[in-house]
Amino acid sequence: MDCIDALIMGIVQGLAEYLPISSSGHLEIFREILGLDLPSDAALEFDLTLHVATVLSTIVVLWREFVPLCTSFFTFKRDDNFRYVLKILLSCIPVAIVGLCFKDFVEQFFGGGLTVVGICLIITSLLLAFAYFTATLPEKKSPLLRRKEHDITWVDAFIIGCAQAVAVLPGLSRSGTTIATGLLLGDKRDKVAQFSFFMVIIPILGEALLDAKDLIGGTSASSAAVGALPLAIGFIASFVVGCLACRWMINLVKKGKLVWFALYCVLAGILCITWSCF
């Protein structure tokens, strides 16, 4: 991987992590377009580096919201911020179970072509479209599907966490899946977008710490396969673009503009499946 490839991949990750189009899926797409043939361990390590960069961009963009959460949690202040962090921890349980018990199974879907990515992008499109049209239905005409907007409850947090656990598949957008799930549950638009971005911090940083142990011990070949400079360029590109995309995505959710990404995902999914066939 050269520096240009790393720059492109970093930009893709920074955009796709927050926009509901699947960062893992688009990394697979551009890996195929650029002809990158990295060992599976190196590819996963590079992807994780980019994900850590976007996690840091989340903290930077949402710093004013992030600091009070940390303060309340680590001082055991029993207020709304403390309970909010507990909801985030609750939402992380499903993805932690998947990561600990089904990691090898999930990794089989990465680097295996674009068919899985295409199918998952189409599923993402259907979920976004369903969430959009459900949210626009009049409440009186659809009492089972349209609920009055409310703050995220404990049950909502766990269900959104289950959606995040399913979205580990490449092409199934994590942000799109979790935000759409929250909207279907009746959660407030601005609240569910922020919650979606905060809830991914713990799983990604946790996985990064585990992989860092292998890097320090010299047991991982990823740094040698990718190179230190491309890793740094990809990290910086992902961080900078992520900072811009994070705030943009929050505004898009507030305005209810996600349906356009549903159209994009279905077209991208069809192209991925066609690419794989021919």
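The following paragraphs examine the structure supplied in this document. Just so we're clear, the structure is a prediction, and the values are computed from it rather than from any experiment. (Residues numbered from 1 in each chain as written. Predicted model: local features only at pLDDT ≥ 70, side-chain atom pairs only at ≥ 80, totals over all residues. Heavy atoms only, no water.)

This next bit is on the packing of aromatic side chains. Per the counting criterion, the structure on display carries 8 aromatic pairs. Centroid distance Tyr 18 to Phe 197: 5.0 Å. Interplanar angle 85°. Geometry classified as edge-to-face. On the criterion of sequence distance, the pair formed by Tyr 18 in the loop between helix H1 (3–16) and helix H2 (23–33) and Phe 197 in helix H10 (residues 189–199) is long-range, its members being 179 residues apart. Judged by centre distance (6.5 Å) and plane angle (50°), the rings of Phe 76 and Phe 82 are tilted. Classification of Phe 76 by relative accessible area gives exposed; the value is 58%. Judged by relative accessible area, Phe 82 falls into the buried class, the value being 9%. One aromatic cluster in this structure is built from Trp 63, Phe 66, Tyr 84, Phe 195 and Phe 198. Over the face of the ring belonging to Trp 154 we find Lys 87, whose NZ or CZ atom lies 5.6 Å from the ring centre. (Phe/Tyr/Trp six-rings, centres within 6.5 Å; stacked < 30°, edge-to-face > 60°. Helix = DSSP H or I, 4+ residues; strand = E, 2+ residues; numbered from the N terminus. Buried < 20%, exposed > 50% of the residue type's maximum accessible area, 1.4 Å probe, protein only. Lys NZ or Arg CZ within 6 Å of the ring centre and 35° of its normal.)

Okay, unusual backbone geometry next. Both trends apply: most residues other than glycine have a negative phi, and most peptide bonds are in trans. For Ser 22, which is not a glycine, the phi torsion comes out positive at approximately 75°. Within the element layout of this structure, Ser 22 appears in the loop between H1 and H2. Positioned with a positive phi, Phe 76 is a non-glycine residue whose angle comes to about 55°. Here Phe 76 shows up in the loop between helix H4 (63–74) and helix H5 (80–101).

With that settled, the discussion passes to H4. With 12 residues, H4 extends 16 Å between its outermost C-alpha atoms, agreeing within 8% with the 16 Å of an ideal straight helix rising 1.5 Å per residue. The positive-phi residue at the C-terminal boundary of H4 is Phe 76, with phi of around 55°. (Expected span 1.5 Å × (residues − 1).)

The end-to-end C-alpha distance of helix H8 (residues 154–166) is 19 Å, a good match for the 18 Å that 13 residues give at a rise of 1.5 Å each. Those residues of H8 that fall on the buried side of the exposure criterion are Asp 156, Ala 157, Ile 160, Gly 161, Ala 163, Gln 164 and Ala 165.

This paragraph deals with the side chain of Lys 87. For Lys 87, the location among the structural elements is in helix H5. No salt bridge is formed by the buried Lys 87. Its closest oppositely charged neighbour is Asp 151, at 7.1 Å. In contact with Lys 87, not counting residues within four places along its chain, are Ile 152, Thr 153, Trp 154, Ala 157 and Phe 195. (Lys, Arg positive; Asp, Glu negative; His and termini not counted. Salt bridge = Lys/Arg side-chain N within 4 Å of Asp/Glu carboxyl O. Contact = heavy atoms within 4.5 Å.)

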